[in-house]
Amino acid sequence: MDDLQVQNVPTISRLEKKTYRFSFQGNGGTLFGIQIVNLLLIIVTLGIYYFWAKTRVRSYTWSQVDFCGDRLAYHGMGKEILIGWIKAVALFGIPFYILKNVPILTGAPLSVIITGSLASSLLIMFFIPVATVGARRYRLSRTSLRGIRFSFRGKWQEFAKIFFGSLPWMILTFGFYFPYFEMRCQDFLIEKGYFGNQKFSFYGEGKDLIKSFIIAALLAFPTFMLSLVWYFYTKKKYVWNHTSFSTASFKSTITFGGFIGLYLVNGLILILTLGLGAPWVKVRTMRYYLENLTLEGQVNFSKIVQEAQDSSAFGEEVGDFFALDFDLG
Amino acid sequence: MAIRINWTGYYLDGKTGDKQPVEIQLLDAGLRISSQSGSVFLWTYQEIRQTQGFYGNEPVQLVRVGNIPEVLIIDNQEFLASLHHFVPKAAKRFHNPAFRGLRFRMILYATIGLIAVGFFTYVWGIPLLAVAVAPHVPLAWEKGMGQSALNILAPEKSRCKDKALQQAIEEIVARLSPPGSSYYDYKVFVVNSPIFNAVALPGGNIIVFSGLLKKTESPEYLAAVLAHEMQHIRNRHATRKIIEDSSTGLMLSAVSGDVTGSMLYGMKITRTLATLSYSRRDEEEADAEGIKMMIAANLNPETMVSFFQIMKEKNAGLKIPQYISTHPDMGQRISRIRSLIVQSQTDHRLYTKLSYSQNWDQIKKGCLAPAATHRTGT
């Protein structure tokens, strides 16, 4: 048994500032076992098991996230993502394939191939906001802690407004609007997140990151892109440190050295094991981020009230279909 | 093992996040849960779903399914073992830690099974699939793919447009495959390039590089090459190869979960064709059928042997050019073709020659001259 400290569980009435800790209890060996069995089942079922496999992996990883002795729980089901996937294929995948491949299969002139290719890329751009919001809605609504569900209450139309509203600025500023864009996205993605009836808040702003972004962009070439890694690190830490829940604030204590070390070793593991070490890489990464994360303040669990929200897995699979990574936080 | 009846855990009513310490008692009908405040509930086993505690270091989480799901958390996993001993039948719906040793073995078998399945699929499954699917690919698709590849491998301006040569080639094609006799409409494109190669594209297009054309001593030599390439098309070897390649890609991306990989397959079609190398079986089939085709066209199949012989002698001890390297061993190949000719019992047959108003060397020159300048230019 692990050393879960039950007495750390916050009690109801005291109001002094507390430090709530996160940890990751999973191990690479177990995750490897899950993934190997999954892989086999995916092959024997000609890929259909993929959706259940994904759910099993997620269920395991979620359950290993420990918040003061309480584990997160994942309630998603393979069937839900399969239905989401079918919808995504019908509404989006098929038009995409047609635009992209029919010109090639029919030997159309190069101009038609390029036009089809561009149209399919536009289609992806349009679906990024749909998928981002859908995936977040689905994932959060299937996650619980202490029996209380999380939820995401943003709409894709709102996100599309931010997404496409930022495009002209991106062009006008030659991309230097990027940190503002990212923070506007984070603001939407975090502010619309709820745990029970209580919301998360984000108070970060693009102007705080613009200096780091310019420095990183200018030094990208001479530092062999290392400055971009540094920016990525800075941003990640900034986002956590400007997020709060109820009256408590998140605090990330990751360091640039630790961050670089994590990814260097991860890269080495992947190369030396020919990719088989991926489960250990995942566990290492989760452990590093969670063990360097605290929530400081006061969370009154008796005041957090269940408020269920409906959500389908459509966006989840649209995103997955195009292998876009939406874990922006 | 001794069965423990009484346990401690936490109860969450599903309405708030407030965790209440409770005592749990195993009963035949279900779990008796009593809180410190004095309230007592009975959860029947049928209404309980386990959501956590499947792996060694997880607490056991039980959910009572209902409008508002209530949760019970028990930190000690031995609870599950006791439950299985106490009510073996009702406990079937819960994870049994006793079977965990089995899990390790299952993983081991799964790994071995996985490698075996992957190997068999790759070696036999995919080629079988390709053989089954290729005959059903619509001609329009084949032509489309062939056209896309033709535009890349033989751009318009690199094609040789010498009229006399074009005419001579058309005659060879018509002789081998009389108009209306074939499903495919064969078209030959000569490309100015020193490459010693000929490529059969799906749908009927054949590219002959002038490097190969230069080495043909008579039109029958070219006929032998074309008969061979036409058989690749007729037997849909290229189409099969594309299916094999894209299935492998799809399989890999399905396994790795990277679906973007499979989206690139459209682009891969052209790449497959550009680096096309047929399997030995396909080559042998094209040789055998090519011989039959030549005999049917009343062209001497021995030219195929002579052509390969020239190539063999010319390349003895040299770096093997592309055309041959992807093909079966030349010595074996020649003897195979010889025996095939013997089997066709055509000993006393008189073959007609292909004849044109100009001699073959002059016709060939129509395309070789620009190739020479092209070569010095690059």
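Residue numbers run consecutively from 1 along every chain, following the written order of its sequence. Both sets of labels track the order of writing: A upward for chains, 1 upward for ligands. Per-residue local features are limited, in this predicted model, to residues with pLDDT of at least 70; the limit for side-chain atom pairs, both in listing and counting, is 80 or more; totals at the level of whole chains, interfaces and linings are taken over all residues.

Undergrad: Would you take a moment to explain the overall build of chain A for this structure?
TA: Within chain A, the secondary structure is distributed over eleven helices and ten strands. Each of the 329 residues in chain A was classed as buried or not, and the buried ones make up 35%. Within chain A, contacts between residues at least 6 apart in sequence are counted, and of these 69% link residues at least 24 apart. Strands here are runs of E lasting at least two residues and helices are runs of H or I lasting at least four, both read from the DSSP assignment and numbered beginning at the N terminus. As a rule, residues whose C-beta atom has 12 or fewer other C-beta atoms within 10 Å are exposed, those with 20 or more are buried, and those in between are partly exposed; C-beta atoms are placed from the backbone. Here, residue contact means that the backbone-derived C-beta atoms of the two residues sit within 7 Å.

Undergrad: Looking at this model, I keep getting lost on the confidence of the model for chain A. Mind explaining?
TA: Parts of the model with low pLDDT should not have their predicted coordinates read in detail. Residue and element names in this part refer to chain A. pLDDT runs from 0 to 100 and stands for how confident the predictor is about each residue. Mean pLDDT over chain A works out to 84, with 89% of the residues at or above the 70 mark. When the criterion is pLDDT under 50, residues 9–13 qualifies, and its contacts beyond four places in sequence or with other chains add up to twelve contacts. Throughout residues 320–329 the model reports pLDDT below 50, and contacts reaching past four residues in sequence, or to other chains, amount to 21 contacts.

Undergrad: Just to check I follow, could you spell out the interface of chain B and chain A for this structure?
TA: A common way to report how large an interface is uses the accessible area buried once the components associate. Opposite the 43 residues of chain B that make contact, chain A presents 39 residues. Elements with a minimum of two residues in the side of chain B that touches chain A: β5 (48–52), β7 (70–74), α2 (100–133), α3 (139–153), α7 (237–256), α8 (259–263) and α9 (265–274) of chain B. Three classes are used, and their members are as follows: Ala, Val, Leu, Ile, Met, Phe, Trp, Tyr, Cys and Pro are nonpolar, Asp, Glu, Lys and Arg are charged, and the others, Gly among them, are polar. Split into classes, the residues belonging to the side of chain B that touches chain A amount to 19 nonpolar, 15 polar and nine charged.

Undergrad: Even after reading the chapter, I still don't get the packing of helix α4 (residues 163–176) of chain B against helix α6 (residues 219–234) of chain B, so can you show me in this structure?
TA: Each pair of packed helices gets described by two things: the angle between the helix axes and the distance between those axes. Residue and element names in this part refer to chain B. Between N-to-C directions, angles cover 0 to 180 degrees, with each direction set by a line fitted to C-alpha atoms, over the stretch in contact for helices. Between α4 and α6, the least distance of the axes is 10 Å, while the angle of their chain directions is 55°. The angle between α4 and α6 places the two elements in the oblique class. In the crossing of α4 with α6, the sense of the turn from one axis to the other is right-handed. In this structure, α4 uses Ala-168, Ile-172, Val-173 and Leu-176 to contact α6, whose residues at the interface are Pro-219, Leu-222, Ala-223, Leu-226, Ala-227 and Met-230. For classification purposes, an angle smaller than 35 degrees is called roughly parallel, one larger than 145 roughly antiparallel, one from 65 to 115 roughly perpendicular, and anything else oblique. Put simply, a crossing is left-handed when the front helix is turned counterclockwise from the back one by less than a right angle, and right-handed when it is turned clockwise.

Undergrad: When you look at the packing of helix α1 (residues 28–44) of chain A against helix α10 (residues 278–291) of chain A in this model, what are you seeing that I'm missing?
TA: Residue and element names in this part refer to chain A. Packing of α1 against α10 leaves a shortest axis separation of 8 Å and a crossing angle of 135°. When the interaxial angle is binned, α1 and α10 end up oblique. Crossing handedness for the pair α1 and α10: right-handed. Of α10, the residues touching α1 (which contributes Gly-28, Leu-31, Phe-32 and Gln-35) are Pro-279, Trp-280, Lys-282 and Val-283. A breakdown of the residues in the contact of α1 with α10 according to their chemical character gives five nonpolar, two polar and one charged.

Undergrad: Is there a simple way to explain the nonpolar core in this structure?
TA: Nonpolar side chains in soluble globular proteins generally cluster together in the buried interior. All names here are of chain B. Ranked by internal contacts, the top residues of the largest apolar core, which has 55 residues, are Val-188, Val-190, Ile-207, Val-208, Ala-223 and Leu-226. Here the element with the most residues in this core is α6; it accounts for eight residues. Leaving out residues up to four positions away in the same chain, Val-188 has contacts with Ile-169, Val-173, Ile-206, Val-208 and Leu-226. Here, a nonpolar core denotes buried Ala, Val, Leu, Ile, Met, Phe, Trp, Tyr and Cys residues that are linked to one another through C-beta atoms within 7 Å.

Undergrad: Looking at this model, I keep getting lost on the sheet that holds strand β6 (residues 193–195) of chain A. Mind explaining?
TA: Backbone-to-backbone hydrogen bonds pair the strands of a sheet. The strands run either parallel or antiparallel. Residue and element names in this part refer to chain A. Around the barrel, ten strands lie side by side as β1-β2-β3-β4-β5-β6-β7-β8-β9-β10; this closed barrel has antiparallel pairing. Along the sheet, successive strands turn relative to each other by an average axial angle of 30°, direction set aside. Two strands are counted as paired when DSSP detects at least two bridges linking them. The pairing of β6 with strand β7 (residues 198–202) spans two bridges and is classified as antiparallel. If you follow Tyr-194 over to β7, its bridge partner there is Lys-199. Together, β1 (18–24), β2 (65–67) and β10 (293–297) form the strand contacts of α10, whose direction differs from that of β1 by roughly 175°.

Undergrad: Help me out: how do you make sense of unusual backbone geometry in this one?
TA: Most peptide bonds adopt trans geometry, and most residues besides glycine take a negative phi value. All names here are of chain A. If you check the backbone angles, Cys-68 has positive phi at about 50° while not being a glycine. Residue classification places Cys-68 among the buried positions, given that 21 C-beta atoms sit within 10 Å. Positive phi is not limited to glycine here, since Phe-224 has a value of about 55°. For Phe-224, the position within the fold is in the loop between α7 (207–219) and α8 (226–241).

Undergrad: Please clarify how the sheet that holds strand β8 (residues 187–191) of chain B should be interpreted in this entry.
TA: Residues and elements named next belong to chain B. Reading across from one edge, β8-β10-β9 is the order of the three strands in this open sheet, with mixed pairing throughout. Across the chains shown, the open sheet's two edge strands, defined by having one partner strand only, are β8 and β9 (198–200). Strand-to-strand twist across the sheet, computed as the mean angle between neighbouring axes with direction ignored, equals 15°. Inspection of the sheet shows β8 paired to strand β10 (residues 205–209) by five bridges, in the parallel sense. If you follow Val-191 over to β10, its bridge partner there is Phe-209. Where α6 meets the sheet, its contacts fall on β8, β9 and β10, and the angle it forms with β9 comes to roughly 25°.

Undergrad: Whenever I open this one, helix α2 (residues 50–63) of chain A confuses me. Can you help?
TA: Helical periodicity: at 3.6 residues per turn, an α-helix aligns residues three or four positions apart in one direction. Between its first and last C-alpha atoms α2(A) spans 20 Å; for 14 residues at 1.5 Å apiece the expected length is 20 Å, and the two agree. Taken together, the buried positions of α2(A) are occupied by A:Tyr50, A:Phe51, A:Ala53, A:Lys54, A:Thr55, A:Ser59, A:Tyr60, A:Trp62 and A:Ser63. Along its buried surface, α2(A) packs onto α1, β2, β3 (70–74), α3 (78–105) and β4 (143–145) of chain A together with β5 of chain B. Here the expected length of a helix is defined as 1.5 Å per residue gap, with one fewer gap than residues.

Undergrad: Mind showing me how you'd approach the pairing of β7(B) here?
TA: Two faces make up the sheet, and in a regular strand the side chains alternate between them. All names here are of chain B. Counting buried positions along β7 gives five out of five residues, so the element sits mostly inside the fold. Here β7 shows two buried faces, one formed by Glu-70, Leu-72 and Ile-74 and the other by Val-71 and Ile-73. Direction of pairing for strand β1 (residues 6–12) relative to β7: antiparallel, over a ladder of three bridges. Counterpart to Tyr-11 in the pairing with β7 is Leu-72. With five bridges joining them, strand β6 (residues 60–64) and β7 adopt antiparallel strand pairing. Looking at β7, one finds that Arg-64 is bridged to Glu-70.

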